[in-house]
Amino acid sequence: SRKGITMYQDEMSTTEAVLRAYTDALADKVRREEFLQGQVLGGGSERLHVQGGGGTANQGDRYAAATENDKRLERDKSIVYAVRQGMRELNVAEDRCIRAVFFEDHKPVEAAAVVRLSVSYVRSAIQSGKAKLSDYCIPVYPLVCELRADLQAEREAVLKKDEEK
């Protein structure tokens, strides 16, 4: 943890970007799990051969195999896990302030009212929280960039489909 160490601007920005992407990663993870579950359940009673196994698999095994081999789900889980692990390092005030600003999208002034702390204390808690979270967030930043690109491509595809109507 970087407690007491001044963060460079790029480290702060990278940590903030990962924190802001957390809710997108969490939502994408849930959508992906539901999609894969639908694929498995939609397969009906047919049985799927599981690579490396000697036979066929039931729906639970098929779902496990599908989620294990899904790169997008793996990426989303990595982002969510990294942020959650980092959040365990925070004290109560830092946790509440980080959640209010990055997960609930409040400005620090709004967050102060939500968490019932002074604006200066909220800003201080956010700074110390980001310093503690940086070691967890920075390594998954490339995954956040992939997530953003996928979500942007999906938005563009929806707009293109809409324009074709």
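Scoring rules and cut-offs
Residues numbered from 1 in each chain as written. Predicted model: local features only at pLDDT ≥ 70, side-chain atom pairs only at ≥ 80, totals over all residues. Heavy atoms only, no water. Helix = DSSP H or I, 4+ residues; strand = E, 2+ residues; numbered from the N terminus. Buried < 20%, exposed > 50% of the residue type's maximum accessible area, 1.4 Å probe, protein only. Contact = heavy atoms within 4.5 Å. Axes fitted to C-alpha atoms, helices over the stretch in contact; angles between N-to-C directions. Parallel < 35°, antiparallel > 145°, perpendicular 65-115°, else oblique. Left-handed = near helix turned anticlockwise from the far one by under 90°. Nonpolar A, V, L, I, M, F, W, Y, C, P; charged D, E, K, R; others polar. Bend = angle between axes of the 7 residues up to and from the residue. Salt bridge = Lys/Arg side-chain N within 4 Å of Asp/Glu carboxyl O.

### Notes on the overall build of the chain
Along its length, the chain carries seven helices and two strands. For the chain, the α and β elements follow one another from N to C terminus as α-β-β-α-α-α-α-α-α. Going through the 165 residues of the chain one by one, you find that 36% of them count as buried. Considering only intrachain contacts with a sequence separation of at least 6, the fraction spanning at least 24 residues in the chain is 71%.

### What to know about the packing of helix α3 (residues 71-87) against helix α7 (residues 141-163)
It is at 10 Å that the axes of α3 and α7 come closest, and there the two elements cross at 125°. In terms of orientation, α3 lies oblique with respect to α7. α7 is crossed by α3, and the crossing has left-handed handedness. On α7, the residues touching R72, R75, D76, S78 and I79 of α3 are L143, V144, E146, L147, D150, L151 and E154. In terms of residue class, the contact of α3 with α7 is built from five nonpolar, one polar and six charged.

### Some words on helix α6 (residues 119-137)
Maximal helix bending in α6 amounts to about 30°, located at A131. For α6, the elements touching its buried residues are α1 (9-41), α3, α4 (92-103), α5 (108-115) and α7.

### A word on the environment of M7
Relative to the assigned elements, M7 resides in the segment before α1. Residues M7 and A131 lie 124 residues apart in sequence; the distance between their C-alpha atoms is 6.7 Å.

### Describing the pattern of salt bridges
By the definition in use, this model includes eleven salt bridges. Where D76 meets R75, a salt bridge forms, and the shortest distance between an N and an O atom there is 3.2 Å. On the basis of relative accessible area, D76 is assigned to the buried category, the value being 0%. Residue classification places R75 among the buried residues on the basis of a relative accessible area of 5%. For E94, the salt bridge is made with K132, and the minimal N-O distance between the two is 2.8 Å. Note that E94 is positioned in helix α4 and K132 in helix α6, a separation of 38 residues in sequence. The same class applies to E94 as to K132, namely buried. By sharing partners, the salt bridges in this structure join D28, R31, R72, R75, D76, D150 and E154 into a single network.

From the geometry alone we can't say anything about function, so treat these as descriptive.
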